[in-house]
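Take a look at the letters that make up each chain.
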Amino acid sequence: MKLLILAGEESGVHYARRIVDAVREMDPSLEVRGYSDYGFRTADLAVFGIWAVLRRIFYFLRVKRTMERAIDEWKPDVVCTVDYPGMNLKLAAYAKSKGVRAVHVVCPQVWAWHQGRIPKIERSLDRLCCFFPFEPSIFRGGFAAFVGHPLVQEFAGTARRDGNRPQKLVAILPGSRLGEIEKHLPTLLDAVAPLEGIEVVIPAANDRARAAIDRIVASRGSRVVVQSSGARELLLRADVAAVASGTATLEAALAGCPTVLVYKVSPLLAAFLRRAIKGVKHVGLANIIAEKSGAECPMPELLQEDFTAEATRSWLEKWLRDPAERRKASDALAKAVSLLSADGDAYAKIAAEIAVSAMPAA
């Protein structure tokens, strides 16, 4: 089988690697290509905000043309796109128009906004693999499948590593994109600066993120530890965390780490999103899961003007000061993420969808 698997962000790359491993178990002769085989780096693809995309519009047009040419010339049996819907759904639709089966992993957030995209998504893909149990019912019957969330099984068997530390451990995850780091990290550093008796650790998602974090930390003279990767292990050890909205907030929930979610975008984008988002009241994945299931939302959200150093510090201090409050927050997170479990291995289910799609039509 020839598989073109396309993931444009760090979290998608994480999933893609494991999907490839699962497909290879079914087909040891598997041939795989992705964005990197055509010279495109994840750090360059994962830009943040409308203006950042517009400033690099010719780069993204080149990505699109190059990958369309790859589909034409390499002729994969299946194109599997992982999240990153702005680019990936266009490429999936192109593949399908050329007779190549298209499988997408991670449902676009049509339950939050722009449900008018649903028919277009259905036309663009042959199959959609969903991580949230409420997503398949949004689409026509037989089009989408709930495979379970892979992170649930990856965290299975792990336990929080609360030890007798002389200092409380605070994790700061400002995001993996450069724009996110620049918008979030200064405020997060201000939030933890007055706290005493703590150790602050920031995991960097990649080398470019590490350089940006190091630069901001040095410019402010902050006393924090910056490490390369290791976010998951850190969240399992941390007493509390402040995390930018995204997959990392779900990892924090699965780790049972009391977490305040933060996020800030440009005022123009914020105004657009406030008008566009109708289907949910929250942005955090653990909170959305809880909201859709009628459970208590377990993760405080500080967005836009509400995201201040003082507000962030208030939540961190509350949990750091009171063990009972920390346990209560951790229990609420566990209750929310329990709703993501499904029978079987999520990666194996995705691999099966790909394998079936690769079979010649009867």
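Scroll up to find the structure this text is about.
Everything numeric in this text was worked out from a predicted model, so none of it was measured.

S.K.: What is the right way to look at the nonpolar core in this model?
M.R.: Buried together is how nonpolar side chains tend to be arranged in soluble globular proteins. Ile19, Val82, Val105 and Ile354 are the most contacted members of the largest nonpolar core, which totals 61 residues. If you tally residues by element for this core, the top one is helix α1 (residues 10-26), at seven residues. When near neighbours in sequence (up to four residues on either side) are disregarded, isoleucine 354 contacts Met1, Leu3, Ile19, Val23, Val78 and Cys80. Of all hydrophobic cores here, the second largest spans 29 residues; its members include Val170, Leu189, Ala209 and Val224.

S.K.: Can you help me understand the environment of alanine 355 in this one?
M.R.: For alanine 355, the position within the fold is in helix α16 (residues 346-358). Remark: the alpha-carbon pair of alanine 355 and valine 23, spanning 332 residues in sequence, is separated by 7.3 Å. Every residue in contact with alanine 355, bar those within four places of it in the chain, is listed here: Met1 and Met26.

S.K.: Just checking my understanding: could you explain the pattern of salt bridges for this structure?
M.R.: Any two side chains of opposite charge can pair, given that their charged atoms come close. Considering all chains together, one arrives at 16 salt bridges under this definition. Three or more residues are tied together by salt bridges with common partners; here these are Arg18, Glu154, Arg232 and Glu251.

S.K.: How do you make sense of the packing of helix α14 (residues 309-321) against helix α15 (residues 323-337) when you look at a structure like this?
M.R.: Geometrically, a packed helix pair is captured by the angle between its two axes and the distance between the axes. Closest axis-to-axis distance for the α14/α15 pair is 5 Å, and the angle between their directions is 110°. By the angle class used here, α14 and α15 are roughly perpendicular. Residues Lys318, Trp319, Leu320 and Arg321 of α14 touch α15, and the partners they reach there are Pro323, Glu325, Arg326 and Ala329.

S.K.: What is the right way to look at unusual backbone geometry in this model?
M.R.: Only a minority of non-glycine residues have a phi that is not negative, and only a minority of peptide bonds are not trans. Of note, valine 106 is a non-glycine position whose phi angle comes to about 85°, a positive value. Mapping valine 106 onto the fold places it in the loop between β4 (101-105) and α6 (118-124). Valine 106 gets classed as buried once you look at its relative accessible area, which sits at 15%. One non-glycine residue, serine 229, adopts positive backbone phi at about 60°. Classification of serine 229 as partly exposed rests on a relative accessible area of 44%.

What counts and what doesn't
- Residues numbered from 1 in each chain as written.
- Predicted model: local features only at pLDDT ≥ 70, side-chain atom pairs only at ≥ 80, totals over all residues.
- Heavy atoms only, no water.
- Core = buried A, V, L, I, M, F, W, Y, C linked by side-chain atoms within 4.5 Å.
- Buried < 20%, exposed > 50% of the residue type's maximum accessible area, 1.4 Å probe, protein only.
- Helix = DSSP H or I, 4+ residues; strand = E, 2+ residues; numbered from the N terminus.
- Contact = heavy atoms within 4.5 Å.
- Salt bridge = Lys/Arg side-chain N within 4 Å of Asp/Glu carboxyl O.
- Axes fitted to C-alpha atoms, helices over the stretch in contact; angles between N-to-C directions.
- Parallel < 35°, antiparallel > 145°, perpendicular 65-115°, else oblique.

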